[in-house]
Every structure is written in C-alpha cells, then in structure tokens.
Amino acid sequence: MDLYRRSFIKSALTSGAVTTAFGFDVRPALAQARELKISRTTETRSICPYCAVACGVIIHTLGDKARNVTPTVVHVEGDPDSPINRGALCSKGITLRQFIVNDTRVTRPLYRAAGSNEWKAISWNEAIERMARLIKTTRDAGFQQQDSQGRVVNRLTNTAIIGGCTDTNEINYLLGKFRFALGVVAYENQARL
C-alpha cells in the first residue's frame, strides 16, 4: 500500500489514531471550533478572482441583510462541491478574505484628468456615460464597413475586449453580443490565456 502524507493525515483523523496520540478524541472539538466560526453567517458561492483556474469559494458573511446592517466577510474557504478545486485553495486564494475586507480597496469609480496627478471620485452614472462616450468615439474613428477590395466586413480593429475568469456564462453571452454589435474583432478571455 502506498502511503502519502495527505492520506495518512486523513486516515489518522477518521480513525482512532488521534484519540491515542492525544489521549482524547479531538474531532468534536475541531468540528465545534469551525461551527462557531461560521455560525449565523450567510453562505455565498463565488469564484476566486486571482487566476484563470476559476476555483470555487464559499464566502461567509455576517449580517442579516437589513438596511441598517453592513455585512462583513468573516471567512472564505474552498467550495468542496466545485469540480475544479474540490475545496482546496492555493496560497493566493486562501488570502481572499484580506482582499475583500481591505481599507485600501477601491469601491467607487475614480477619474484622473489628462495631465493631472490626482484621482477624483465620480458617480457611477458619470463613469458609465464617460465610458459610453469614449466607446462611441473610438468606434466612429476605427469602424470599417468595407475592405480594400470593396467587400462588406463591418469590423472594428482599433478596439479589443478581454473577459475575466470570474465571468459567468451569462456575462460571457452578453460580452459576445456587445462585441458583435460593435464589430470588435479582437476578443480574448483570461481563462484561455
């Protein structure tokens, strides 16, 4: 029988070896400690944003979703039901809670004018209007209806779209529709890089 470290520890925890090593069974205490950590939390399943593997995570949030309560992430763990990572997370994925609960994390749109060295906060409406205006200006400048031989091509070659590994099928569907509506030729997704 081949014995590996992971299988040895797993068998030690499920068998009585832990009881004989410490003189008592620590399994109920370990289960109780985990239960206390995540009791009264809301579980949200998500995808780790760090790389293109798209590992499943479970985010435990404390707060009852009332308007006067600000939810707080108290624990992040790998999703054991995910066929990709089966509950395991890499060293970056394990730190996801520190990424979410971080005072320096940008949570609103910021704008830096040309030549300025300062960022200023703008509203979401301003940001969306600005992006739409810039996309329209760029499309008008680079859209080609016909190629050099007079064939209809309806393409936009001065713009590219890139998707992320955390994009759902629905987001990718909408990105595809958006891409084809604009005529964008260059499209890539982080999951393929």
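Residues numbered from 1 in each chain as written. Predicted model: local features only at pLDDT ≥ 70, side-chain atom pairs only at ≥ 80, totals over all residues. Heavy atoms only, no water.

1. Some details on the nonpolar core
Next up, step 1: Listed in full, the eight residues of the largest apolar core are Cys-48, Cys-55, Val-57, Ile-59, Val-73, Val-76, Leu-89 and Leu-96.
Next up, step 2: Excluding residues that lie within four positions of it along the chain, Leu-96 makes contacts with Pro-49, Tyr-50, Val-57 and Val-76. (Core = buried A, V, L, I, M, F, W, Y, C linked by side-chain atoms within 4.5 Å. Buried < 20%, exposed > 50% of the residue type's maximum accessible area, 1.4 Å probe, protein only. Contact = heavy atoms within 4.5 Å.)

2. Looking at the sheet that holds strand β8 (residues 184–189)
Next up, step 1: In space, the three strands of this open sheet follow the order β6-β7-β8, with mixed pairing throughout. Where the open sheet ends on each side, the last strands, each with one partner, are β6 (143–146) and β8. Taking the axes of each pair of neighbouring strands and ignoring which way they run, one obtains an average angle of 25° across the sheet.
Next up, step 2: One ladder, built from three bridges, connects β6 with strand β7 (residues 152–163); its direction is antiparallel. Looking at the pairing, Gln-146 lines up with Val-152 of β7.
Next up, step 3: The strands that helix α6 (residues 124–142) touches are β6 and β7; relative to β7, the one it contacts most, it runs at about 140°.
Next up, step 4: Sheet strands in contact with helix α7 (residues 169–182) are β6, β7 and β8, and its direction is about 160° off that of β8. (Pairing = 2+ DSSP bridges. Helix = DSSP H or I, 4+ residues; strand = E, 2+ residues; numbered from the N terminus. Axes fitted to C-alpha atoms, helices over the stretch in contact; angles between N-to-C directions.)

3. Concerning the sheet that holds strand β2 (residues 56–62)
Next up, step 1: Spatially, three strands are ordered β1-β2-β3 in an open sheet, and the strand pairing comes out antiparallel. Of all the strands in the sheet, just β1 (41–47) and β3 (72–78) have a single pairing partner and so form its edges. Each strand of the sheet is rotated relative to its neighbour by a mean of 25°, with strand direction disregarded.
Next up, step 2: Summarising the sheet, β2 and β3 pair through six bridges and their orientation is antiparallel. Paired with Leu-62 across the strands is Thr-72, a residue of β3.

4. Quick notes on the side chain of Asn-85
Next up, step 1: Among the secondary structure elements, Asn-85 is positioned in the loop between β3 and α4 (91–94).
Next up, step 2: At 2.7 Å, the side chain of Asn-85 forms a polar contact with the backbone oxygen of Ala-88. (Polar contact = N/O pair within 3.5 Å; in protein donor to acceptor, adjacent residues only side chain to side chain.)

5. Some remarks on the pattern of salt bridges
Next up, step 1: Considering all chains together, one arrives at five salt bridges under this definition.
Next up, step 2: With a closest N to O distance of 3.4 Å, Arg-45 and Asp-81 form a salt bridge. Here Arg-45 is found in strand β1, whereas its partner Asp-81 is found in the loop between β3 and α4, with 36 residues between them in sequence.
Next up, step 3: Since its relative accessible area comes to 46%, Arg-45 is described here as partly exposed.
Next up, step 4: Here Asp-140 and Lys-136 are joined by a salt bridge, their closest N and O atoms 2.8 Å apart. With a gap of four residues between them, Asp-140 and Lys-136 both fall in helix α6, about one helical turn apart. (Salt bridge = Lys/Arg side-chain N within 4 Å of Asp/Glu carboxyl O.)

6. A look at α7
Next up, step 1: If you check α7, its first and last C-alpha atoms are 20 Å apart, about what 14 residues at 1.5 Å a residue would give, namely 20 Å.
Next up, step 2: Listed in full, the buried residues belonging to α7 are Leu-175, Gly-176, Arg-179 and Leu-182. With its buried residues spanning 135° around the axis, α7 presents them on a single face. Opposite the packed face of α7, turned more than 90 degrees from it, sit the exposed residues Asn-169, Glu-170, Tyr-173, Leu-174, Phe-180 and Ala-181.
Next up, step 3: Tucked inside the fold, the buried residues of α7 contact α6, β6, β7 and β8.
Next up, step 4: Just beyond α7, the residue with positive phi is Gly-183, at close to 90°. (Expected span 1.5 Å × (residues − 1). Arc of directions from axis to C-beta.)

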